[in-house]
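A structural walkthrough
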Amino acid sequence: MRVPARSAWFVVWLGLGCGGSGPDSGEIPDELDARPTSLVEERASRGDAEHRPGGGRFGRARRFTNLTQPPEIDWPRPSHLVDFRGELFFAVDYRSGAPEGELWASDGSARNTRRIQSFPPPYAVFNGIDVAQVVGDTLYLTINHTEMYGEAWVSDGTTPGTVRLVDFPEPFGNSVTPVMPIRNRVYFIRTFQPSPFDPGFSELWSSDGSRPGTRRVVTLSEQSYAPTSACQASTGDWAFFGLSDAATGNEPWISDGTPEGTHLLADLNPGPTGSTPCAGGNPPKALGDEVYFTRSREGEPELWATDGTATGTRKVLEAPAKPLQVVKRHLYVVQHQPEGLALWKVRIRDGRDDAPEHAVTIPNAPGARFPSSVVSSLAVGGRLYLMLRANDAEEGEPNGQLWVTDGSPRGTRLLHDTITVRENAAPLIERYDMLASGQHVLFGCHATGKGRELCITDGTPRGTGLLQDLDPGARSSSPHSFVCAGQHIHFVAHDAEHGYEVWKLRPHAGLHPSTSCVTSRQGQQ
């Protein structure tokens, strides 16, 4: 199973979230009218609603939070949006030096947008939510402070029910990973380090979502550095994670939730050098009963798979490769060639990896001196959407593109030149998230004279374009952090008057977001 070697290429990963409506702001109307210009409304008035982007399936996006505290127009900021029990939950991050971070919730109206909990740092300068994830009927939070202090919290959606899972005895030096579900419990790794430069020890902890039901399972290593939070995956019966220790370096570990079932999977690079699973920010992918991950060898990533046993841990491709999006049981791999991105796919079935097949090559953007890189991807409906950034493009040429493919040359097409170097007017945050609602995909794109705004596609060039100019004029609103909750699609966007706030968008035509929604953070198998 080989990808044909080329003289110069590498593989890139398809990346691919107290009462009152605001702090001391008083009550604000349920519908905050930012009066954005909408292509939907303009074209509908001309009677061509069936041919405009969106096809009449979405209403007008509206801002419904008022978090900004003058004179700080860009602070605080909402982040980490998640759907929990049919409502939107999100973090509110304050500028470094502020006393605390917060958890908020909303049903999409200003009246019912409320603070749930504050996270006062015990002795640190600043803290905030680092990870928010829903497992079953529980919201788990990873809180990180400065001064190397991390905590694991849990929430049932109420202020009394949002509590710290465990009180660690050491006041500083803790780091905590996100939780990994194994059967009916969740597991996380706590590492204690006296300083960022000294090895400490790592422990596996288990929880049923309550303080009494949270306990230490086993000490993983007496001389280890903090594991990378993005380097973990769970099949449901066992979990995979990367861990560095003095003896073996950074290598893959596994756990089935028991002390005896928690151990080093394999020393793939013998000795303290380590194979560095998930190098370059490439998280592992759980597919069925197996996990696909990267091994770094001489600086090049190799695609490996494991069934949780040392004998079942194997190299999938002889050439450098990384775990990518999965579309209809195919694992997609991108080969970075001088002429563009060569897309390959590997059929995964019954624990076997079929030989990789070349699908299509996406050419470089016009004027780009270097091949494009994938900054975001979304797999939905048997198709793969790719947000590409053209590296070091010429002045005025597009340096961002949106492509779609079904894995065939005929079904691969350019949908939109998303940004141009000359006209880019991005705000402080530039994100490339995407969300699929039914047969449409929402994303941020650059429209001439309008900055980076809310755009939509149905997978065809004609059905791709601006949905709404959230910050009228040449400024960019840079919509990001898309998530579906309740009856609305929610996201964060920026405007000159209000800074970063949460917006909502209501689909029409019988689309129910909670059952028809996929984000680029989730992917689809």
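Use the structure listed above.
Presented here is a report on the structure given in the accompanying data block. None of these values were measured; they are calculated from a predicted model.

Remarks on the sheet that holds strand β38 (residues 488–495)
Spatially, the four strands line up as an open sheet ordered β2-β39-β38-β37, and their pairing is antiparallel. Each of the sheet's edge strands pairs with one partner strand only, and the pair in question is β2 (62–63) and β37 (480–485). The sheet contact formed by β2 and strand β39 (residues 499–505) spans two bridges and is antiparallel. Note on β39: the bridge partner recorded for Arg 62 is Lys 504.

A few points about the state of the cysteines
Counting across every chain of the model gives three disulfides. The residue that forms a disulfide with Cys 484 is Cys 517, at a sulfur-sulfur distance of 2.3 Å. On the sign convention where negative is left-handed, the bridge of Cys 484 and Cys 517, at about 85° about the S-S bond, is right-handed. Pair noted here: Cys 484 is in strand β37 and Cys 517 is in strand β40 (residues 517–519), with a separation of 33 residues, a long-range link. Along the chain, the cysteines engaged in disulfide bonds are linked according to the scheme 1-2, 3-4, 5-6 when indexed in sequence order.

Focus on the environment of Val 291
Positionally, Val 291 belongs in strand β21 (residues 290–297). Separated by 16 residues in the primary sequence, Val 291 and Asp 307 have C-alpha atoms spaced 6.7 Å apart. For Val 291, the residues in contact, after removing those within four places along its chain, are Ala 233, Thr 235, Trp 238, Phe 240, Pro 284, Lys 285, Ala 286, Trp 304, Ala 305 and Thr 306.

Cut-offs and rules
- Residues numbered from 1 in each chain as written.
- Predicted model: local features only at pLDDT ≥ 70, side-chain atom pairs only at ≥ 80, totals over all residues.
- Heavy atoms only, no water.
- Pairing = 2+ DSSP bridges.
- Helix = DSSP H or I, 4+ residues; strand = E, 2+ residues; numbered from the N terminus.
- Disulfide = S-S within 2.5 Å.
- Contact = heavy atoms within 4.5 Å.

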